[in-house]
Amino acid sequence: MTDFEQLEALLQRRHSCRAFLPTPVPRGVIEQILTAAQRGASWCNAQPWKVHIASGKGLDKLRDALYVRAQGASRPAPELDWPREYRGVYQDRRRECGWELYRATGVQKGDREASLRQARENFRMFGAPHVAILSSEKLLGTHGVMDCGAWVANFLLACTAAGVATIAQAALATYPDILREHLDIAADRVIVCGVSFGYEDTAHPANSFRTTRAPLGEVATWVE
């Protein structure tokens, strides 16, 4: 296979995993993945990302704290602005993804309790044995956050190449105070997102669907 064909195969194979096996990924494999992700591009080569990885008992405590908070009445307090609104095709794509997940997991349309229960699985990291919480230097603003997005893309592909499943989660940044308490994230950093990772539970129905991608005509404009 050519380099492009290998890359294309990885991109086709990568997907968001929503049910993991409890088997931990060996530390050496995680370090290989992190080393590969470090090759990501960044503005002025600033490399503003820092990643805190929780596993084992540390992750169990974090998972419990987030899940309890999510079940309560606390208002979300992310450090980055959430989308103000999904409109048009963006709302269509969002709904398509949501309905496919609900169909796969047996959540009936209109069953708000079941859909909320599925949404809260985010705070259990879908049973993943590891989570990476990503942060950026606050002073670098939007550019630092963009750089972190590039790092996440590299991390997801590196995991896929290593046979490790992933799901990137903005939801994990919902309660930054809990993340800071459990992971000792410095006050001069902004929490961007999390990535749960491990080995996929291929038998779980939540992993039985794949999202679609827009055709080039919807995203590319040629000026000649």
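K.L.:
For this particular structure, what's the right way to read the state of the cysteines?
P.N.:
Disulfides are covalent bonds that link the sulfur atoms of two cysteine residues. One pass over the full model with this rule turns up zero disulfides. Unpaired in terms of disulfides, C159 finds its nearest cysteine sulfur in C17, a separation of 11 Å.

K.L.:
How should the packing of aromatic side chains be read in this particular structure?
P.N.:
Where two aromatic rings form a pair, the distance of their centres and the angle of their planes describe that pair. Counting across every chain of the model gives four aromatic pairs. On the basis of an interplanar angle of 75 degrees and a centroid distance of 5.7 Å, the ring pair of W99 and Y102 is categorised as edge-to-face. Placement of both W99 and Y102 in helix α4 (residues 88–105) is noted, with a separation of three residues, approximately one turn of the helix. Given a relative accessible area of 39%, W99 falls into the partly exposed group. Taking 5.5 Å as the distance between ring centres and 80 degrees as the angle between the ring planes, the aromatic pair formed by F155 and F197 counts as edge-to-face. Of this pair, F155 sits in helix α6 (residues 141–161) while F197 is found in strand β4 (residues 189–198), placing the two residues 42 residues apart along the sequence.

K.L.:
Sorry, what's going on with the packing of helix α2 (residues 27–37) against α6 here?
P.N.:
Any two packed helices are characterised by how steeply their axes cross, that is the angle between the axes, and by the distance between the axes. In the contact formed by α2 and α6, the axes pass within 8 Å of each other and the chain directions differ by 140 degrees. With respect to their mutual orientation, α2 and α6 come out oblique. Taken as a pair, α2 and α6 cross one another with a handedness that is right-handed. Along the contact surface, α2 presents I33, L34, A36 and A37, while α6 presents W151, N154, F155, A158 and C159. Taken together, the residues of the contact of α2 with α6 sort by class into eight nonpolar, one polar and no charged.

The rules behind the values
- Residues numbered from 1 in each chain as written.
- Predicted model: local features only at pLDDT ≥ 70, side-chain atom pairs only at ≥ 80, totals over all residues.
- Heavy atoms only, no water.
- Disulfide = S-S within 2.5 Å.
- Phe/Tyr/Trp six-rings, centres within 6.5 Å; stacked < 30°, edge-to-face > 60°.
- Helix = DSSP H or I, 4+ residues; strand = E, 2+ residues; numbered from the N terminus.
- Buried < 20%, exposed > 50% of the residue type's maximum accessible area, 1.4 Å probe, protein only.
- Axes fitted to C-alpha atoms, helices over the stretch in contact; angles between N-to-C directions.
- Parallel < 35°, antiparallel > 145°, perpendicular 65-115°, else oblique.
- Left-handed = near helix turned anticlockwise from the far one by under 90°.
- Contact = heavy atoms within 4.5 Å.
- Nonpolar A, V, L, I, M, F, W, Y, C, P; charged D, E, K, R; others polar.

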